[in-house]
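Topology and contacts: notes
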Amino acid sequence: MISFKNVTKKYPGMVRPAVEDLSLEIPEGEICVFVGPSGCGKTTTLKMINRIFEPTAGEIFVNGRSVTEQNADTLRQGIGYVIQKTGLFPHYTVYENVATVPRLLGWEEDRTQERVRHLLELVGLDPEENWFKFPRELSGGQGQRVGVARAMAADPPVMLMDEPFGAVDPITRTQLQHEFLNLQRKVQKTICFVTHDIDEAIKMGDRIAIMENGRLVQFDTPENLLLAPANEFVGDFIGSDRSLKVLNLLPVQKVLKRQFRTIRDDADLTDVRSSFADTKRNRVIVENESGTVAGYITREDADRATSARGWNRFIKPFPAGVPMEATLHDALAAMLRYDIGAVPVMDTSRSFRGMVYLDDIRSYVGEAYQEYENGPNGAAS
Ligand SMILES: Nc1ncnc2c1ncn2[C@@H]1O[C@H](COP(=O)(O)OP(=O)(O)O)[C@@H](O)[C@H]1O
Ligand SMILES: [Mg+2]
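This is a predicted model, so every value here is computed, not measured.

Within the chain one finds 16 helices and 16 strands. Expected size for 381 residues packed as a compact globule is a radius of gyration near 21 Å; at 27 Å, the chain overshoots this value by more than 25%. Projecting the C-alpha coordinates of the chain onto the three principal axes gives extents of approximately 85 × 60 × 35 Å. Per-residue burial for the chain yields a buried fraction of 35% across its 381 residues. Across the chain, the fraction of contacts at a sequence separation of at least 24, relative to all contacts at a separation of at least 6, is 61%.

We now examine the nonpolar core. Core analysis: the biggest nonpolar cluster contains 82 residues, and Val33, Ile49, Cys192 and Ala331 have the highest contact counts within it. Residues lining this core come from more than one domain, with at least three contributed by each of domain 1 (2–248) and domain 2 (253–363). Look past the residues within four positions of alanine 331 in its chain and what remains in contact with it is Val252, Val322, Ala326, Val343, Val356 and Ile361. Within the second largest apolar cluster, 13 residues are counted, among which are Phe276, Val293, Ile297 and Ala302.

With that out of the way, let us pick up helix α7 (residues 140–151). Along its 12 residues, α7 runs 17 Å from first to last C-alpha, staying within 8% of the 16 Å computed at 1.5 Å per residue. Extensive coverage of α7 is indicated by the burial of 11 of its 12 residues. Regarding α7, the residues found buried are Gly141, Gln142, Gly143, Gln144, Arg145, Val146, Gly147, Val148, Ala149, Arg150 and Ala151. Elements in contact with the buried residues of α7: β6 (79–83), α3 (94–98), α4 (100–104), α5 (109–122), β7 (158–162) and α8 (170–187).

Strand order in this open sheet of 3 strands is β11-β12-β13, and the pairing throughout is mixed. For this open sheet the edge positions go to β11 (262–264) and β13 (293–298), each flanked by a neighbour on one side alone. Pairwise comparison of adjacent strand axes, ignoring direction, gives a mean angle of 35° for this sheet. For strand β12 (residues 283–287) and β13, the ladder comprises 5 bridges, and the chain directions are antiparallel. Counterpart to valine 284 in the pairing with β13 is isoleucine 297. Across the sheet, helix α13 (residues 269–277) lies against β11, β12 and β13, angled at about 175° from β11, the strand it touches most.

On to the pairing of strand β9 (residues 207–212). Bridge analysis of strand β3 (residues 31–35) against β9 gives 4 bridges, and the strand direction is parallel. Bridging across to β9, valine 35 finds its partner in isoleucine 210. Pairing of β9 with strand β10 (residues 215–220), which is carried by 5 bridges, proceeds in the antiparallel orientation. Counterpart to glutamate 212 in the pairing with β10 is arginine 215. The antiparallel pairing of β9 with β10 creates a hairpin that spans 2 residues between the two strands, and asparagine 213 there sits at a positive phi of about 50°.

Here the focus is the packing of α7 against α8. Packing of α7 against α8 leaves a shortest axis separation of 10 Å and a crossing angle of 25°. With respect to α8, the axis of α7 lies roughly parallel. The element α7 and its partner α8 pack so that their crossing is right-handed. When α7 is examined against α8, the residues Gly140, Gly141, Gln144 and Val148 are found in contact with a partner set consisting of Thr172, Leu176 and Phe180. Looking at side-chain class alone, the contact of α7 with α8 contains 3 nonpolar, 4 polar and no charged residues.

Even without being glycine, asparagine 6 reaches a positive phi, approximately 50°. With respect to the secondary-structure elements, asparagine 6 resides in strand β1 (residues 2–9). Its identity is not glycine, yet arginine 51 carries a phi of approximately 65°, on the positive side. With respect to the helices, strands and loops of the structure, arginine 51 is situated in the loop between α1 (42–49) and β4 (57–62).

This paragraph deals with the site of ligand 1. Every residue near ligand 1 is listed here: Tyr11, Met14, Ala18, Gly36, Ser38, Gly39, Cys40, Gly41, Lys42, Thr43 and Thr44. The residue inventory of the shell around ligand 1, partitioned by class, reads 4 nonpolar, 6 polar and 1 charged.

With that settled, the discussion passes to the domain arrangement of the chain. We note that the domain assignment places domain 1 (2–248) and domain 2 (253–363) within the chain. Here domain 1 and domain 2 have C-alpha centroids that lie 44 Å from each other.

Calculation notes
Residues numbered from 1 in each chain as written. Chains lettered and ligands numbered in written order. Predicted model: local features only at pLDDT ≥ 70, side-chain atom pairs only at ≥ 80, totals over all residues. Helix = DSSP H or I, 4+ residues; strand = E, 2+ residues; numbered from the N terminus. Rg over C-alpha atoms; globule rule 2.2 N^0.38 Å. Buried ≥ 20, exposed ≤ 12 C-beta atoms within 10 Å, placed from the backbone. Contact = placed C-beta atoms within 7 Å. Core = buried A, V, L, I, M, F, W, Y, C linked by C-beta atoms within 7 Å. Domains from an automatic or database assignment. Expected span 1.5 Å × (residues − 1). Pairing = 2+ DSSP bridges. Axes fitted to C-alpha atoms, helices over the stretch in contact; angles between N-to-C directions. Parallel < 35°, antiparallel > 145°, perpendicular 65-115°, else oblique. Left-handed = near helix turned anticlockwise from the far one by under 90°. Nonpolar A, V, L, I, M, F, W, Y, C, P; charged D, E, K, R; others polar. Near = placed C-beta within 6 Å.

Rendered as structure tokens:
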């Protein structure tokens, strides 16, 4: 969808190029995050896509067409652009700001209004409340939301976002990141996202391009980047807590144990005992009538119980559980919080889907590193 072919940008008077021999491809519908220290060439890279700057050498293709062969205005109408301090026009209202491109395109006023209303709702702003406000009357987070809405006004297939959440406080930033990822799930734009924050890159990126002094040093999925940094620069940039960060990316399903005996809480004691008969496991999961997890019973307690139904009082509830979408980070956090070695995984109707064990998380992450270290890209090779 967007591809760079040996792109170099050298500003007049500069000794070294700001961007040097950059080649990469960004698939349609994905978020590619450009990350690296200040001055490494991220903004320059972005601004060559919508032709604010022209490459000194090489070519950039959007949708298979070289950008330099297109009329710059037409090109930009298909590319939404969001920048750090929002770049909102201070003398325009929220409505006028978001309506900028539709008005340029000569849309009917009704259609424009409808579109602006829809977009404001999409980015979590009440249209009635904000319609006539000026940028100075908005908080940082609200301003960024308007910036995103404005960039999406004509529904461009491509979005360029240059440190879009850089100027807001950490809590608002986290919120904006989440909202934007939810929005992206619906709109599926092809996005180039610039940040200097590696955690933001890991959270937002389907793929991450790490840059150093104008050169691309690694282009990979967040998972691969964390497991197998290409060199010391990348390793240092990611930080020594990369094994903790990678937990955020791995879904619990990677280590989910699904084979479990379950028994209904209205079963007879003989059934409870026989569910332990041909297994070495010491616990059986207990579900209630509707299939939700009630807890578990141990072999010892099943032996200790005496009456047919009285075994019920031995059911031990799980102190914590995580949903199917949880990450290993979530599971580990629950284990540490409740001082337990395993957590049940439940689907949205709280039905039991399996267990995640601390030991399995440990060995999974350990093996993943080993695999990379022994592999072709590994540090040991
Ligand atoms: N318009 C410009 N004219 C000359 N040099 C520039 C211009 N814009 C950026 N640079 C230089 O190019 C390099 C890369 O800058 P930039 O792309 O803005 O980096 P980043 O966005 O990663 O901080 C820096 O050395 C910067 O000083
Ligand atoms: Mg920049």
